[in-house]
Amino acid sequence: MSAQHVLLVYISVSKYEIYPSIYYLKAFAEAQIKNDYIKIVTKTFSLEDSSRYIAKQILVNKPILIGFSTYIWNFKKTNEVIKQIKKLRQDIVIILGGAEASYNAEKILLENNLIDLIVLDEGEETFTELINFYLKNNLNLHSIKGIVFKEKGKIINTGSQKILDLSKIPSPYLNNLIPVKKNNIITYETSRGCPFKCGYCSYNIGSYKHLRFFPLDRVKEEIIYILKKQPRKLDIVDDNFNIYEKRAIEILSTIKDYLKSTIITLFIRADVWEISESLVSLLVNKNIFCTIGVQSLNKKTLKIARRLHNREILEKNIGILKRFNVNFILQFIIGLPGDTYEDVLLMIDWAFSYLPYDIHFQVLRINPGTYFKKKSKKFKINYQKNIPY
């Protein structure tokens, strides 16, 4: 009996970017299923690749089931690839996951008959159960939590999957599932979720309302493994990297011990609690860049956005970063309800007064599932209803 192939596909912005989502799914599923006749294959492509080329490369493995990881930047391309696949193989099961599909599931299924099913929130547990359903004929589709599908023209939502213990996901880095090379840009998470409720953010919805951490010893091992490979860049994408300072200090100490040529980027929260000099001293490196989300300086705007903010603490923390000559970037959102043109000018003047390494301005996006999406009429927010929102 030949192996049945399940494909996990991610389309990145650049061929050099490595995003871990499909590798976490593979690592978890292989640990749970342990079946020589089911082969889980990961394939990554970039937006530079043609849809026809991607479809043909996917079909080489003759998969029975394909899971696509979708985000705002690859959703259009993913749909183009699915059309190409279905022209050649109508029998293949197409599953979408990731932020773009997860928070927009019903709309996507109603508009696209080529998609069989959408996985909500974290996909490790759910995708493993779906493999068992489609390839081993175990379980009942209605009994699998965390999915949305169409049945006889009706949308079926099976409800939330249980919150995942991150320690149960085998490391895709230490298991050599992720090919780390010198020219790669690695996206890396030491935790998932966010305890805050900012109205513009989708990182506090569903299971992501629960802040959880990968085991610290494993994180340190993974960072050592990655830094020894010397990729071009390591993006640590935790929203609140320094929420537990002792843990952050241990991670930064590991980075300091093994950092050579890799550029490190991370986000630190600087407007809620004071940052110690012990932590700041570990950020002093020409290759380390930390981004501080300010978003707005208008108290009314920040209240509408449900963002905790203490201006005094923020300015004190920025002062410490400057004193230690840390590379820090100040980030703002343009278009938040309550902000005026004059507010934006004040933000620019305030930011330049600190002479940061860089200043980032992002236009507000009304992403599916967010508080601002639900309250857009209340706050009179006019926005594009489709990508990029």
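Our structure's up above, just so we're on the same page.
Notes on the structure in this doc start here.

Thresholds, definitions, all that
- Residues numbered from 1 in each chain as written.
- Predicted model: local features only at pLDDT ≥ 70, side-chain atom pairs only at ≥ 80, totals over all residues.
- Heavy atoms only, no water.
- Helix = DSSP H or I, 4+ residues; strand = E, 2+ residues; numbered from the N terminus.
- Buried < 20%, exposed > 50% of the residue type's maximum accessible area, 1.4 Å probe, protein only.
- Contact = heavy atoms within 4.5 Å.
- Pairing = 2+ DSSP bridges.
- Axes fitted to C-alpha atoms, helices over the stretch in contact; angles between N-to-C directions.
- Parallel < 35°, antiparallel > 145°, perpendicular 65-115°, else oblique.
- Left-handed = near helix turned anticlockwise from the far one by under 90°.
- Nonpolar A, V, L, I, M, F, W, Y, C, P; charged D, E, K, R; others polar.
- Patch = residues over 30% accessible without salt bridge, like charges linked within 9 Å, V, L, I, M, F, W, Y side chains within 5 Å.
- Areas by Shrake-Rupley, 256 points an atom, 1.4 Å probe, with all protein chains shown as cover.
- Salt bridge = Lys/Arg side-chain N within 4 Å of Asp/Glu carboxyl O.
- Core = buried A, V, L, I, M, F, W, Y, C linked by side-chain atoms within 4.5 Å.

**Digging into the environment of isoleucine 85**
Structurally, isoleucine 85 is set in helix 3 (residues 75-88). Accessibility expressed as a relative area gives 0% for isoleucine 85, which makes it buried. The sequence separation of isoleucine 85 and threonine 254 amounts to 169 residues, and the corresponding C-alpha distance is 44 Å. If we skip the residues at most four places from it in the chain, isoleucine 85 touches Ala55, Ile58, Leu59, Ile66, Phe68, Ile92 and Ile94.

**Overview of the sheet that holds strand 12 (residues 233-236)**
Sheets are built from strands that pair by backbone hydrogen bonding, the pairs being arranged parallel or antiparallel. Pairing in this open sheet of seven strands is parallel, and the strands run 2-9-12-13-14-15-16 from one edge to the other. Two strands lie at the open edges of the sheet, namely strand 2 (17-18) and strand 16 (358-363), each paired on one side alone. Where strand 2 meets strand 9 (residues 185-188), two bridges bridge the pair, whose relative direction is parallel. Bridged to glutamate 17 within strand 9 is isoleucine 185.

**Focus on the packing of helix 1 (residues 21-33) against helix 6 (residues 124-136)**
Closest axis-to-axis distance for the helix 1/helix 6 pair is 9 Å, and the angle between their directions is 55°. Classified by the interaxial angle, the pair formed by helix 1 and helix 6 is oblique. By crossing handedness, the relation of helix 1 to helix 6 is classed as right-handed. From helix 1, Tyr24, Leu25, Phe28, Ala29, Gln32 and Ile33 reach across to helix 6, where they touch Glu124, Glu125, Phe127, Thr128, Ile131, Asn132 and Lys136. Partitioned by chemical class, the residues of the contact of helix 1 with helix 6 number seven nonpolar, three polar and three charged.

**Re a nonpolar patch on the surface**
A contiguous nonpolar patch, built from Val13, Leu47 and Trp73 and spanning about 220 Å² of accessible area, is present on the exposed surface. By the element assignment, valine 13 lies in the loop between strand 1 (4-12) and strand 2.

**As for the nonpolar core**
By size, the foremost hydrophobic cluster in this structure holds 79 residues, and its most contacted members are Ile255, Leu283, Ile292 and Trp350. Leaving out residues up to four positions away in the same chain, leucine 283 has contacts with Leu252, Leu266, Ile268, Ile288, Cys290, Leu321 and Val326. Counting residues in each nonpolar core, the second largest holds 26 residues, with Ile54, Leu109, Leu120 and Val148 among its members.

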